[in-house]
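Topology and contacts: notes
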Amino acid sequence: MADQLFPVFDLPEIPDDPEYEERYRPSVYFDFDEGDFVRDGANKLVRADGREAFMQWCQKIVATEREEFLAYSDEIGTEFEEMEDFPDRNSRECEIERTITEALLVHPATEYVREFVFDYSSGVANVSFTVKGYQWEEEETMSTNF
């Protein structure tokens, strides 16, 4: 007869902090101007390494309005439609910084988002900012228009 009614076994250890290499998974290149995936001469999808795929993810998240699409949770995207409610330029710029930073920090591999620069010379607001991933030695600069 068994000593215990239910079997006893040791649970496997789950690491607290998975390797960052796993967070930058490769994907396929997406051409935001064309609105389609990039294909080579043989009509096969062109592969993007993990870093480029992460930067394309950042572009997509900044361009996606929060709570606008049922396919995404309410943590995904930015809140640019509300920018018209802010009366002055400083308030708008602070809100743009906040919404972009919050949106990109959802990804566990984003170390920081900072150094926002606003340019109004072309008639539309153009904002450039710096994104750094945990594993990277250097930073990446992104820009978008409003």
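Located above this text is the structure these notes cover.
None of the values given here were measured: they were computed from a predicted structure. (Residues numbered from 1 in each chain as written. Predicted model: local features only at pLDDT ≥ 70, side-chain atom pairs only at ≥ 80, totals over all residues. Heavy atoms only, no water.)

Structural notes on the sheet that holds strand β6 (residues 126–133)
Taken in spatial order, the 3 strands line up as β5-β6-β7 in an open sheet, and their pairing is antiparallel. In this open sheet, the two edge strands, each paired with only one partner strand, are β5 (110–119) and β7 (140–145). Neighbour-to-neighbour, the strand axes of this sheet turn through a mean angle of 25°, independent of strand direction. Here β6 runs beside β7; their pairing, made up of 6 bridges, is antiparallel. The residue bridging Asn126 from the neighbouring strand is Asn145, located in β7. Along the sheet, helix α1 (residues 50–63) contacts β5, β6 and β7; its crossing angle with β7, the most-contacted strand, is approximately 25°. (Pairing = 2+ DSSP bridges. Helix = DSSP H or I, 4+ residues; strand = E, 2+ residues; numbered from the N terminus. Axes fitted to C-alpha atoms, helices over the stretch in contact; angles between N-to-C directions. Contact = heavy atoms within 4.5 Å.)

Points about helix α2 (residues 89–104)
Taking 1.5 Å per residue as the helical rise, α2 with its 16 residues ought to reach 22 Å, and the 23 Å between its terminal C-alpha atoms agrees with that figure. Taken as a whole, α2 has its buried residues at Glu93, Glu95, Ile96, Thr99, Ile100, Ala103 and Leu104. For α2, the angular spread of buried residues about the axis comes to 165°, placing them on one side. For α2, exposure combined with an orientation more than 90 degrees from the buried face picks out Asn90 and Cys94. Looking at the buried side of α2, the elements it contacts are α1, β5 and β6. (Expected span 1.5 Å × (residues − 1). Buried < 20%, exposed > 50% of the residue type's maximum accessible area, 1.4 Å probe, protein only. Arc of directions from axis to C-beta.)

Examining the environment of Glu95
Within the secondary structure, Glu95 is located in helix α2. Note on Glu95: relative accessible area 15%, which makes it buried. The spatial distance from the C-alpha of Glu95 to the C-alpha of Val8 is 54 Å, given a sequence separation of 87 residues. If we ignore the near neighbours within four places in the chain, the residues touching Glu95 are Glu79, Met83 and Phe86.

Examining the pattern of salt bridges
Proximity of charged atoms lets side chains of opposite charge pair with each other. Applying the stated criterion across every chain, the model contains 7 salt bridges. The partner of Glu79 in a salt bridge is Arg66, and the shortest N-O contact between them spans 3.1 Å. On the criterion of sequence distance, the pair formed by Glu79 in the loop between α1 and α2 and Arg66 in the loop between α1 and α2 is long-range, its members being 13 residues apart. Arg66 shares its class with Glu79; the two are buried. For Arg66, the salt bridge identified is with Glu102, shortest N-O distance 3.9 Å. Taken together, the positions of Arg66 in the loop between α1 and α2 and Glu102 in helix α2 put the pair 36 residues apart, joining distant regions of the chain. The structure contains a network of salt bridges with shared partners spanning Arg66, Glu79, Glu95, Arg98 and Glu102. (Salt bridge = Lys/Arg side-chain N within 4 Å of Asp/Glu carboxyl O.)

These figures come from the coordinates and say nothing about function on their own.
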